[in-house]
Amino acid sequence: MLKRHTQIFSTILRLFDMSLAFVAWELAYLLRFIWIDFPTAVMVPKHLEYLKAAFFVTILSCFVFSFIGIYRVHKFIHLRHEFYHLLRGTLTLFLLTLVVAFFYRDFSYSRVHTIYFLICYLNLLFLSRILTRWGLKWLHRRGMHVENILLIGEGYTAS
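The rules behind each value
- Residues numbered from 1 in each chain as written.
- Predicted model: local features only at pLDDT ≥ 70, side-chain atom pairs only at ≥ 80, totals over all residues.
- Heavy atoms only, no water.
- Salt bridge = Lys/Arg side-chain N within 4 Å of Asp/Glu carboxyl O.
- Helix = DSSP H or I, 4+ residues; strand = E, 2+ residues; numbered from the N terminus.
- Patch = residues over 30% accessible without salt bridge, like charges linked within 9 Å, V, L, I, M, F, W, Y side chains within 5 Å.
- Areas by Shrake-Rupley, 256 points an atom, 1.4 Å probe, with all protein chains shown as cover.
- Buried < 20%, exposed > 50% of the residue type's maximum accessible area, 1.4 Å probe, protein only.
- 1 Å grid on protein atoms, 1.4 Å probe; cavity = no way out; pocket = protein on both sides within 12 Å on 5 of 7 lines; lining within 4 Å.
- Points joined across faces, edges and corners; volume = space filled by probe spheres on them.
- Nonpolar A, V, L, I, M, F, W, Y, C, P; charged D, E, K, R; others polar.
- Axes fitted to C-alpha atoms, helices over the stretch in contact; angles between N-to-C directions.
- Parallel < 35°, antiparallel > 145°, perpendicular 65-115°, else oblique.
- Left-handed = near helix turned anticlockwise from the far one by under 90°.
- Contact = heavy atoms within 4.5 Å.
- Polar contact = N/O pair within 3.5 Å; in protein donor to acceptor, adjacent residues only side chain to side chain.
- Core = buried A, V, L, I, M, F, W, Y, C linked by side-chain atoms within 4.5 Å.
- Phe/Tyr/Trp six-rings, centres within 6.5 Å; stacked < 30°, edge-to-face > 60°.

A. The pattern of salt bridges, seen in detail. Overall, the coordinates contain four salt bridges when judged by the stated rule. Glu49 serves as the salt-bridge partner of Lys52, at 3.3 Å between the closest nitrogen and oxygen. Taken together, the residues Lys52 and Glu49, both in helix H2 (residues 47-68) and three residues apart, mark about one turn of the helix. Linked by salt bridges that have partners in common, Asp17, Glu82, Arg129 and Arg133 make up one network.

B. Structural context of a nonpolar patch on the surface. A contiguous nonpolar patch, built from Leu30, Ile34, Trp35, Ile36 and Phe38 and spanning about 550 Å² of accessible area, is present on the exposed surface. Checked against the element boundaries, Ile36 lands in the loop between helix H1 (2-35) and H2. The partly exposed category is assigned to Ile36, whose relative accessible area is 48%.

C. Up close: the layout of surface pockets. Here the second largest pocket is characterised by a volume of approximately 190 Å³. As for the second largest pocket, its lining consists of Trp25, Glu49, Lys52, Ala53, Phe56, Val57, Thr97, Val100, Ala101, Tyr104, Tyr109 and Thr114. Among the elements of the structure, H2 and helix H3 (79-103) are those that each provide at least two residues to the lining of the second largest pocket. If you tally residues by element for the lining of the second largest pocket, the top one is H2, at five residues. Within the lining of the second largest pocket, the residues separate by chemical class into eight nonpolar, two polar and two charged.

D. Representation of the packing of H2 against helix H4 (residues 111-141) in the model. Remark: H2 packs on H4, axes separated minimally by 14 Å, with the N-to-C direction vectors making an angle of 50 degrees. Taken as axis vectors, H2 and H4 run oblique relative to one another. Handedness of the H2/H4 crossing: right-handed. When H2 is examined against H4, the residues Tyr50, Val57, Ser61 and Phe65 are found in contact with a partner set consisting of His113, Phe117, Tyr121 and Leu125. For the contact of H2 with H4, the residue count by class is six nonpolar, two polar and no charged.

E. Structural context of the side chain of Asp17. Turning to its location among the elements, Asp17 is positioned in helix H1. Among the polar contacts made by the side chain of Asp17, one reaches the side chain of Arg129 at a distance of 2.9 Å. Those residues in contact with Asp17 that lie beyond four places of it in its chain are Phe65, Tyr71, Tyr121, Leu125 and Arg129.

F. Just the nonpolar core, in detail. Grouped together as the largest cluster of nonpolar side chains are 30 residues, with contacts concentrated most on Trp25, Tyr50, Phe65, Leu93, Phe117 and Tyr121. With nine residues, the top contributor of residues to this core is H1. Ignoring any residue separated from it by four or fewer positions in sequence, one finds Phe117 in contact with Ala21, Ala24, Trp25, Ala28, Val57 and Leu93.

G. The packing of aromatic side chains, seen in detail. Tallied over the full model, the rule gives 15 aromatic pairs. With centroids separated by 5.2 Å and ring planes inclined at 80 degrees, the aromatic side chains of Phe102 and Phe103 adopt a geometry described as edge-to-face. We classify Phe102 as exposed; its relative accessible area is 53%. These aromatic residues form a ring-pair network of at least three members: Trp25, Tyr29, Phe33, Tyr50, Phe65, Tyr71, Tyr104, Phe107, Tyr109, Phe117 and Tyr121.

Quick look at the structure:
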């Protein structure tokens, strides 16, 4: 029962992280070329090229985070350790994105956009983890996803 809930939660978390990667990529485009535009861009590139890259980065984020081990189940993980794992995964994704963009010759992507993406994605991920923790605590207080057990014995034999 617990393993099934863990698999469902992990799948939902993966899909949510992928959607956050897409949102962060699009938000970085808006920040770089529309809202902030610092340093000033010579020309605003077509959004279609960045939209195509957004799908690639979304898929890549799932693979990178799985490889880094972000979705491994822990009984309890401190928020700072989770932030460290998210930082490590996001930096790895950032470097892989830069490498792929360097070798992609059809279009030249803005490195400033990629830095904006890194900042946006890391903030969105960390905020989502805090909200997820809060939501799970709220559910547990209401008795959802809590299993009652009968413990027979004491000490080592009871565990």
